[in-house]
Amino acid sequence: MGSVNKVIILGNLGKDPAVHHLENGRMRVHLTVATHDAYKTKEGEKINHTDWHEVVLWTPHAEIAAQYLSKGGQVYIEGKLNHRFYIDKDGQQKHTIQIVGQHVVLLSGGKTKNEGVHVINHTPQNRPHEKDDINELPL
């Protein structure tokens, strides 16, 4: 039997994308995306809860995100979970869980006044090193 590693989130950016240019010419963008949930306690008190998600996008997704996304903008992301272990500057081992974005829809709050939806799709037939299709659809 096979396995599935798939994540879908729809949320808002907590800060502007963090852009990193690598020596090999590729670009990596880190996004911090907030998702919200609201519920009522037994006593009827409304509780609002926010979860923060670390998202990583690679070229060409990173280029589009860096160009169009900004703090507060809404984004839909499909991707996979990636557990990463690293040693911090104090020599301590750290663990983080990232979402590696494979399909991104920019919904609102872009850096331009353009009112549209930009779709970036990565499928197995459309490898990251090849040019991805970008479709602009009117709202």
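Located above this text is the structure these notes cover.
This one's a predicted model, so the numbers in the text were calculated from it and none came from an experiment. (Residues numbered from 1 in each chain as written. Predicted model: local features only at pLDDT ≥ 70, side-chain atom pairs only at ≥ 80, totals over all residues. Heavy atoms only, no water.)

Student: Please give an account of the pattern of salt bridges that cites residues and values.
Tutor: Taken as a whole, this structure holds 2 salt bridges when the rule is applied. Ionic pairing is found between K94 and D88, a salt bridge with its closest N-O pair at 3.8 Å. You can call K94 partly exposed: its relative accessible area is 36%. (Salt bridge = Lys/Arg side-chain N within 4 Å of Asp/Glu carboxyl O. Buried < 20%, exposed > 50% of the residue type's maximum accessible area, 1.4 Å probe, protein only.)

Student: Before we move on, can you summarise helix α1 (residues 61-68) with the specific residues and values?
Tutor: Of all 8 residues that make up α1, 6 are buried, and the element is covered over most of its length. Among the residues of α1, H61, A62, I64, A65, A66 and Y68 are the ones counted as buried. (Helix = DSSP H or I, 4+ residues; strand = E, 2+ residues; numbered from the N terminus.)

Student: Can you lay out the pairing of strand β4 (residues 46-58) for me, pointing to particular residues and giving the numbers?
Tutor: Here strand β3 (residues 27-40) runs beside β4; their pairing, made up of 13 bridges, is antiparallel. Along β4, the bridge assignment pairs V33 with H53. If you look at the hairpin formed by β3 and β4, you'll find 5 residues sitting between the two strands, and G44 has a positive phi there, around 90 degrees. Here 2 bridges tie β4 to strand β6 (residues 93-106), and the two strands are oriented parallel to one another. By the bridge assignment for β6, V56 is matched with V100. (Pairing = 2+ DSSP bridges.)

Student: Tell me about the side chain of T59, residues and numbers included.
Tutor: Considering the arrangement of structural elements, one finds T59 in the loop between β4 and α1. Within the local environment of T59, its side chain forms a polar contact with the backbone nitrogen of M27, the two atoms lying 2.5 Å apart. (Polar contact = N/O pair within 3.5 Å; in protein donor to acceptor, adjacent residues only side chain to side chain.)

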